[in-house]
Amino acid sequence: MVEIKNMLSERITNMATSATLAMAAKARELRGQGKDIIGLSLGEPDFDIPDFIKEAAKKAIDDNYSSYSPVDGYADLKQAISNKFKRDNHLEYGLNQIVVSTGAKQSLANVAMVMLNKGDEVILPAPYWVSYSDIVKLAEGVPVEVPTDIESDFKMTPGQLEKAITPKTRMLWFSSPCNPSGSVYSKEELQGLAAVLRNHPDIFVVSDEIYEHINFRGRHESIAGIDGMYERTITVNGVSKAFAMTGWRIGYIGAPDWIAKACTKFQGQITSGANAIAQRATIAALEAPVSKIKYMIDEFHKRRDLILSLLGEVEGFQLNVPEGAFYVFPDISNFFGRTLNGTTINNASDFAIYLLEHANVATVTGEAFGNPNCIRISYAASEKEIREAVARIKAVV
Ligand code: PMP
Ligand code: GLU
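An account of the accompanying structure is given in this report. It should be emphasised that the depicted structure is a prediction, and the values quoted were computed from it without experimental measurement.

As a further point, take the site of ligand 1. In the vicinity of ligand 1, the contacting residues are Gly103, Ala104, Lys105, Trp129, Asn179, Asp208, Ile210, Tyr211, Ser240, Lys241 and Arg249. The separation between a nitrogen atom of ligand 1 and a polar side-chain atom of Lys241 is 2.7 Å. Here an oxygen atom of ligand 1 sits 2.8 Å away from a polar atom, N or O, in the side chain of Arg249. Computed on the free molecule, ligand 1 has an accessible area of 390 Å², of which 93% lies beneath the protein chains in the complex.

Moving on, we get to the pattern of salt bridges. Taken as a whole, this structure holds 24 salt bridges when the rule is applied. Glu212 is the partner of Lys84 in a salt bridge, and the nearest nitrogen-oxygen pair spans 2.5 Å. With Lys84 in helix α4 (residues 75-89) and Glu212 in the loop between β6 (204-208) and β7 (233-238), this pair connects stretches of sequence that are 128 residues apart. Accessibility expressed as a relative area gives 2% for Lys84, which makes it buried. Linking Glu299 and Lys302 is a salt bridge whose minimum nitrogen-to-oxygen distance equals 3.4 Å. One end of the pair, Glu299, and the other, Lys302, are both in helix α11 (residues 294-311), 3 residues apart, so they sit about a helical turn from each other. When salt bridges that share partners are traced, they join Asp46, Glu299, Lys302 and Arg303 into one network.

To continue, consider the sheet that holds strand β4 (residues 142-147). The strand order across the open sheet formed by 7 strands is β2-β8-β7-β6-β5-β3-β4, and the pairing between neighbours is mixed. Of all the strands in the sheet, just β2 (98-101) and β4 have a single pairing partner and so form its edges. Strand-to-strand twist of the sheet, defined as the mean angle between neighbouring strand axes without regard to direction, takes the value 20°. Against the sheet, α4 makes contact with β2, β7 and β8 (251-254), and its axis sits at roughly 115° relative to β2, the strand it touches most. Together, β3 (121-126), β4, β5 (169-175) and β6 form the strand contacts of helix α6 (residues 131-138), whose direction differs from that of β5 by roughly 155°.

The omega torsion of the bond from Ala126 to Pro127 falls at 10°, within 30 degrees of zero and hence cis. Within the secondary structure, Pro127 is located in the loop between β3 and α6. In this structure, Pro180 follows Asn179 across a cis peptide bond, with omega equal to 25°. Within the fold, Pro180 resides in the loop between β5 and α8 (187-197). The backbone of Asn341 shows a phi angle near 45°, a positive value even though the residue is not glycine. Structurally, the position occupied by Asn341 is in the loop between β10 (338-340) and β11 (343-345). Asn341 gets classed as exposed once you look at its relative accessible area, which sits at 56%. Positive phi, normally seen in glycine, also occurs at Asn360, with a value near 55°. When you line up the elements, Asn360 lands in the loop between α12 (348-359) and β12 (361-362).

This part covers the site of ligand 2. Residues in contact with ligand 2, as listed here, are Ser18, Thr20, Leu21, Leu42, Gly43, Lys105, Trp129, Asn179, Lys241, Tyr327 and Arg376. Thr20 places a polar side-chain atom, nitrogen or oxygen, 2.7 Å from an oxygen atom of ligand 2. The separation between an oxygen atom of ligand 2 and a polar side-chain atom of Asn179 is 3.0 Å. Isolated, ligand 2 exposes 280 Å² of accessible area, and the fraction of that covered by the protein chains is 88%. Per-class residue counts for the shell around ligand 2 are 4 nonpolar, 4 polar and 3 charged.

Time to look at the pairing of β4. Where β3 and β4 come together, 6 bridges link them in parallel fashion. Paired with Leu124 across the bridge in β4 is Glu145.

With 12 residues, helix α3 (residues 51-62) should cover 16 Å at 1.5 Å per step; its first-to-last C-alpha distance of 17 Å lies within 8% of that length. Looking at α3, one finds that the buried residues are Ile53, Ala56, Ala57 and Ala60. Buried positions in α3, seen along its axis, are confined to an arc of 100° and lie on one side of it. Away from its buried face by more than 90 degrees, α3 exposes Asp51, Lys59 and Asp62. Packed against the buried residues of α3 are α10 (276-287). Residue Asn64 follows α3 closely and has a positive phi angle near 65°.

Here is the key point about a regular strand: its side chains alternate between the two faces of the sheet. With 6 of 7 residues buried, β5 is to be regarded as a mostly interior element. Note that β3 and β5 share 3 bridges and pair parallel. Residue pairing for β5: Glu121 is matched across the bridge by Thr169. As judged from the 5 bridges shared by β5 and β6, these two strands associate in the parallel manner. Bridging across to β6, Leu172 finds its partner in Val205.

What follows covers the side chain of Ser41. Within the secondary structure, Ser41 is located in the loop between β1 (38-39) and α3. On the accessibility criterion, Ser41 (2% relative accessible area) is buried.

Reading guide: rules and limits
- Residues numbered from 1 in each chain as written.
- Chains lettered and ligands numbered in written order.
- Predicted model: local features only at pLDDT ≥ 70, side-chain atom pairs only at ≥ 80, totals over all residues.
- Heavy atoms only, no water.
- Near = heavy atom within 4 Å.
- Polar contact = N/O pair within 3.5 Å; in protein donor to acceptor, adjacent residues only side chain to side chain.
- Areas by Shrake-Rupley, 256 points an atom, 1.4 Å probe, with all protein chains shown as cover.
- Salt bridge = Lys/Arg side-chain N within 4 Å of Asp/Glu carboxyl O.
- Helix = DSSP H or I, 4+ residues; strand = E, 2+ residues; numbered from the N terminus.
- Buried < 20%, exposed > 50% of the residue type's maximum accessible area, 1.4 Å probe, protein only.
- Pairing = 2+ DSSP bridges.
- Axes fitted to C-alpha atoms, helices over the stretch in contact; angles between N-to-C directions.
- Contact = heavy atoms within 4.5 Å.
- Nonpolar A, V, L, I, M, F, W, Y, C, P; charged D, E, K, R; others polar.
- Expected span 1.5 Å × (residues − 1).
- Arc of directions from axis to C-beta.

Okay, structure coming up:
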C-alpha cells in the first residue's frame, strides 16, 4: 500500500489555532464529559438577538432573499452602514468605500491580503486581539509587537509607536475598546499616535471598532476622524458584539475607495457576498437607535463592576479598570514560580490550564494576545456564573 504523507502546506502548518476558539472547544468537550465548566473564555454576548432583528431576518426569508448578493453587500445595507458611520462616528464613507464581509474577521483578513507584501511590518500594540498576528502572517507580513503593561492601562504611547517604526513598517492594527484589555483610547491619546504617523505617510491604520458601543467611558473616538488620518485608515466594525449576532457573521469596513475595491476583488474570489439573510437583518440592526441596545451595555457595565470588585479580593490578581468591551485582563505573574495543589505555575498558559482543571473555569492565556503575564476573563456571562467562577478561582489560588 502506498503510504500517504502529510502534505499540508507550510502556511497552515505554521499557523496557530485560535486560542479563544480552542479554549471554548475544550470547555465544550469537558462539559460533554459531565464536568461543570463555567466558560469565560469566549468573547460572545450571552443575550438573545433583539426581536426586531429576528423579525427582519424572517421577513428576508419570506421576501426570497435567497440569491447571491453583490460581493461588497446590498446597496441599501451599505447605505445603512454609511448612515451609521455618520451618526455614530462623524465619518463620511460613500457606498464605494464600504465592503460587507462574513464577520469582521473576514474584513481584517481581506485588508491584510490586499495591503501587505512579503516582509511588510505591521505594528501590533500588545495585548492585541488573538487573530491579528496570524492573519498578518498569512498575508506574509511580519507582526511587530509593542508590549504595553498594566501601568500604562495597556495602551501604546506615541513614543513607543515612534520607536517601533522602521522603513518596512506598512501598517498599525489596534482595537479600541480593546480586546483583550478593555482599554479605550481617548481622543487626545489617538491624536498623539496620529501626530507620530503624520511624519510617516506610508503607514496605514486598521482601527478595529467592533466594541464601540460597549464603552462605559462615554463617547467612542475613531482615529479616522483625526486630522490627516481618514485617507489612510481602514475602519473595521461589525454586528457580532453590540447586537449579539456572533453567529450571523456580518462585519464591514469603511476605507479609501481603492482599498475597498481591492477587498471586493479579493472577497469575490474566495467567499462572494456575505449571507443574504444576515445582511438584511443587519439593516434593521444598524438603522435602530442605539438606545435599543442600551440594556445590554448597561448590563455589561454592571457585570464589569461586579467582577472587578470580586477579583479585587483575590490575592495575586492585579487589575486595570477596563472601560469597554467585556473582558478583564488581570496580571497574574505573581503566581509564576509558585506551586498550587501540586502544579507548578511557570506562565500564563499554566495558570489558565490550572484554573480549568482545578476550578472548572475556562479563561484564555494572555500569551495568545501577546502578553505572557495575564489571562483574559470574559464577563459576558450571568451574574450567578461570574460570582461562582470567582469563588472557585479564589478557592484554588
Ligand atoms: N475584532 C475583535 C477585536 C474581536 O474581538 C472580534 C471577535 N469576534 C473580531 C474582530 C471578529 O468579529 P466577527 O465576529 O465579526 O468576525
Ligand atoms: N472575538 C471573540 C473572542 O475574542 C470570539 C472568538 C474569536 O472569534 O476568535 O473571544
